[in-house]
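Here is how the chains run, residue by residue.
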Amino acid sequence: CSGKKVEVVSVRYVVGWGCALRDEMCLICRNQMTELCSECQFARDYGGNRECTIAWGECGHRFHFHCISRFLRTRGTCPIDGTEWER
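Conventions and cut-offs
Residues numbered from 1 in each chain as written. Predicted model: local features only at pLDDT ≥ 70, side-chain atom pairs only at ≥ 80, totals over all residues. Heavy atoms only, no water. Phe/Tyr/Trp six-rings, centres within 6.5 Å; stacked < 30°, edge-to-face > 60°. Buried < 20%, exposed > 50% of the residue type's maximum accessible area, 1.4 Å probe, protein only. Helix = DSSP H or I, 4+ residues; strand = E, 2+ residues; numbered from the N terminus. Salt bridge = Lys/Arg side-chain N within 4 Å of Asp/Glu carboxyl O.

**Observations regarding the packing of aromatic side chains**
Throughout the structure, instances matching the rule amount to 2 aromatic pairs. On the numbers, 4.7 Å between centres and 40 degrees between planes, the contact of Phe42 with Tyr46 is tilted. Look at Phe42 and you get exposed, because its relative accessible area is 54%. Given the relative accessible area of 66%, Tyr46 is considered exposed. Between Phe63 and Trp85, the aromatic rings sit 5.7 Å apart at their centres with planes inclined by 55 degrees, giving tilted as the arrangement. With Phe63 in strand 2 (residues 62-64) and Trp85 in the segment after helix 2 (65-72), the pair connects residues that are 22 residues apart, well separated along the chain. By the burial criterion, Phe63 is buried, and Trp85 matches it.

As structure tokens, this is what we get:
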């Protein structure tokens, strides 16, 4: 080391983000996010062909679309943290 001082002028952070839905559960129906919700399972079992999508709230929580839609009929908030659910 030469004994010279270094001045840090700025710092930039690079962050990676990902979502592993295979390990995540819908906290309304308790099925895995990669599986059908209970409504879609019922429809499939009785000859229907339903596609189960995932709904993300502004708060970052996610649920099966049919599960959160049913929940929001009586409440307008996220079932986990109580913040208003943006439709």
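**Quick look at the pattern of salt bridges**
In the structure shown here, the tally under the stated rule is 3 salt bridges. Notably, a salt bridge pairs Glu39 with Arg70, separated by 3.0 Å at the nearest N-O pair. Here the residue Glu39 occupies a position in helix 1 (residues 38-45), and Arg70 occupies one in helix 2, the gap between them amounting to 31 residues. For Arg70, a relative accessible area of 31% puts it in the partly exposed group.

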